[in-house]
Amino acid sequence: MLYHNLNTKMKVGSAQFYLSFLLFLFSSAHSHVESFNEEKEDIKRSQFPDGFLFGTATSSYQIEGAFLEDGKSLSNWDVFNHIPGVKNVENADIANDHYHRYLEDIEIMDSLGVNAYRLSISWARVLPRGRFGEVNPTGIIFYNKIIDSLLLKGIVPFVTIHHHDFPQELEDRYGSWLSPLMQEEFVFFAQNCFKSFGDRVKYWTTINEPNLFSEMAYKKGKYPPAHCSKPFGNCSVGNSDLEPLIAMHNMLLAHAKVTKLYRERFQAKQGGFIGMVVCAFMYEPLTDNELDREAASRALAFKVAWTFDPLVFGDYPPEMRRYHGSELPRFSPEEAKYIKGSIDFIGINHYSTQYAKDCIHSSCIQGGDRAISGFAYLAMTGMPTFFVVPRGMEEIIEYVKKRYHNMPMFVTENGYSPPKQEAEQVQDQLHDVKRIEFHKAYLASLARAIRNGADVRGYFAWTLMDNYEWVEGYSLKFGFYYIDRQTLKRIPKLSARWFQNFLTNSSHSNEAGSFKGQNVIFSGLEDKKAEM
Ligand code: NOJ
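Residues numbered from 1 in each chain as written. Predicted model: local features only at pLDDT ≥ 70, side-chain atom pairs only at ≥ 80, totals over all residues. Heavy atoms only, no water.

## Quick look at the sheet that holds strand 11 (residues 456-461)
- With parallel pairing, the eight strands of this closed barrel are ordered in space as 1-2-3-4-5-7-10-11. Across the sheet, the mean angle separating the axes of adjacent strands is 25° when strand polarity is ignored.
- For strand 1 (residues 53-57) and strand 2 (residues 116-120), the ladder comprises three bridges, and the chain directions are parallel. Counterpart to glycine 55 in the pairing with strand 2 is alanine 116. (Pairing = 2+ DSSP bridges. Helix = DSSP H or I, 4+ residues; strand = E, 2+ residues; numbered from the N terminus. Axes fitted to C-alpha atoms, helices over the stretch in contact; angles between N-to-C directions.)

## Thoughts on the site of the ligand
- Taken together, the neighbourhood of the ligand is formed by 12 residues, with Gln62, His163, Glu413, Glu469 and Trp470 sitting nearest.
- Glutamate 413 places a polar side-chain atom, nitrogen or oxygen, 2.7 Å from an oxygen atom of the ligand.
- Glutamate 469 places a polar side-chain atom, nitrogen or oxygen, 2.6 Å from an oxygen atom of the ligand.
- In the complex, the protein chains occlude 95% of the 300 Å² of accessible area that the ligand would expose alone.
- Here the shell around the ligand is composed, by residue class, of five nonpolar, four polar and three charged. (Near = heavy atom within 4 Å. Polar contact = N/O pair within 3.5 Å; in protein donor to acceptor, adjacent residues only side chain to side chain. Areas by Shrake-Rupley, 256 points an atom, 1.4 Å probe, with all protein chains shown as cover. Nonpolar A, V, L, I, M, F, W, Y, C, P; charged D, E, K, R; others polar.)

## Description of the confidence of the model for the protein chain
- Of the residues in the protein chain, 86% reach a pLDDT of 70 or more, and the chain-wide mean stands at 88.
- The model gives residues 1-37 a pLDDT under 50, and that stretch makes 55 contacts with residues more than four places away or in other chains.
- Predicted confidence is poor over residues 507-525, with pLDDT under 50, and the contacts of this stretch with residues over four places away or in other chains come to 42 contacts. (pLDDT = per-residue confidence, 0-100. Contact = heavy atoms within 4.5 Å.)

## Some words on the state of the cysteines
- Taken as a whole and judged by the stated rule, the model has two disulfides.
- Residue pairing for cysteine 228: its cysteine sulfur links by disulfide to cysteine 235, the two sulfurs lying 1.9 Å apart. Because the sign of the S-S torsion sets the handedness, a value of about 100° for the bond joining cysteine 228 and cysteine 235 places this disulfide among the right-handed ones.
- For cysteine 228, a relative accessible area of 1% translates into the label buried.
- Classification of cysteine 235 by relative accessible area gives partly exposed; the value is 22%.
- Here cysteine 359 connects covalently by a disulfide to cysteine 364, the sulfurs 2.0 Å from one another. Residues cysteine 359 and cysteine 364 share a disulfide whose torsion about the S-S bond is about -90°; that sign makes it left-handed. As far as the burial class goes, cysteine 359 and cysteine 364 line up, both buried. (Disulfide = S-S within 2.5 Å. Buried < 20%, exposed > 50% of the residue type's maximum accessible area, 1.4 Å probe, protein only.)

## A closer look at the pattern of salt bridges
- The full count for this structure, using the stated rule, is 32 salt bridges.
- For the salt bridge of arginine 173 with glutamate 169, the shortest nitrogen-to-oxygen distance reads 2.9 Å. Taken together, the residues span about one helical turn, with arginine 173 and glutamate 169 both in helix 8 (residues 168-174) at a distance of four residues.
- Judged by relative accessible area, which is 43%, arginine 173 ranks as partly exposed.
- Under the relative-accessibility criterion, glutamate 169 is labelled buried at 19%.
- For aspartate 241, the salt bridge goes to arginine 370, with nearest N and O atoms at 2.9 Å. Residue aspartate 241 is found in the loop between helix 10 (210-219) and helix 11 (243-270), and its partner arginine 370 is found in the loop between strand 8 (353-358) and strand 9 (376-378); the two are separated by 129 residues along the sequence. (Salt bridge = Lys/Arg side-chain N within 4 Å of Asp/Glu carboxyl O.)

## Concerning the environment of lysine 230
- Note that lysine 230 resides in the loop between helix 10 and helix 11.
- With 11 residues separating them along the chain, lysine 230 and lysine 219 place their C-alpha atoms 9.2 Å apart.

## Description of helix 9 (residues 181-197)
- Counted at 1.5 Å a residue, the expected span for helix 9 with its 17 residues is 24 Å, and the 25 Å between its end C-alpha atoms agrees.
- Burial within helix 9 is extensive, with 12 of its 17 residues counted as buried.
- Buried residues of helix 9: Met182, Gln183, Glu185, Phe186, Val187, Phe189, Ala190, Gln191, Asn192, Cys193, Phe194 and Phe197, and no others. (Expected span 1.5 Å × (residues − 1).)

This is the structure we're talking about:
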């Protein structure tokens, strides 16, 4: 089997350590500038530990389509995207039609040379009515076929149980994640996944990015059920200061109950591992001022530690307790017992770095001066203008490593989409030199973190093929493959060739070096300063 024991820590030799130390001195001296050398550093697969998982990541709603086929019910996203007048003009009714083309997609992955694939299970396909109905056998068959086909190719399935989509009925009946009843729903769903797929799936993550989902669905009102209040957005219902905290609390407890179940009933027999995935941006202080430094550190606590502190230590971060009043929920002593230590590994989705500015002592716009925002205003990139800051990868890994005692980690997502206006011509999209440079630079940064002793076990590029990017529809494109939206043909971009070379041919791992002459412009985080 390709998976390996999560308890075996990587050993760092003294020479490596010395090299890391030199690198550390070098990078701290350059901590506020984009280092050209950093971006151009060569990167080879052999720089990663043996057995390291390299794959691509996707999620059910974003690629499957077949939104009403073979017994699947409507999900929260299906319904949201069909509400007349909702700003989303696009939907994922068909998406990439992966439901019918999964074999071709697995062939493509195999041709790239990956040894793992991160996918998610559509809750509405497996349990169309949650606990209120039967398991849909066709849904189980579909994921069985995927898992078996992957294993036949030697590709490890790395499965997210819940990635933003759930049966609409759970929203209609009791308001989904705002209700503690959703915890039991999730346990039921996960239990069915373990029963049906756990004999072959060894890596489970429970919920994808609960921190981002709470914020998008209940603070900004951009994801269903579109709840928010001013100044964060203009929704008909919601309370942006409170509801994200409640939704997150229910997701954390749901996760912990699932882990408890997995450990008590499945783990010994099935021999897998269970973790959670967060959206993990890195934050840098806007100025050298101590107040902005504190704002950056608060931002990390309010975003990343919000999820992981409870799962590792049994309570919300002290930084959050300090600034939130009674609105920050408490874990009962019994809950604290089973939530503490409820992950075998940490998953981080890392894309970019943002500036943080203090909002305790100075005024801020857009709700930066509220407890729910950690009293920090963040240079919000939004999808279309991600900043490319490769050193952020090393920094966020270092933060997680230190805070959580170097628990095993996976980079469960990392990827690049050009800003919308840049990606108009198909030929330009296929000639995606910037994406190659992005992955090379972020991988080099990850390799540095590993040389510094971080226990990282895998890297998943987001994403295999351009797909439905939530509220941005199909306009943002993170894929190694271009999808012709008329024919749904998968067309490899230059980056697919690069990734394949990186994975399969170590002596040619610098294939993208042939693009070095291109004028690759990394979008500068520095430019954002002027706007803040
Ligand atoms: C985070 C999410 O997990 C995924 O669904 C999304 O498409 C990517 N990052 C890119 O935004």
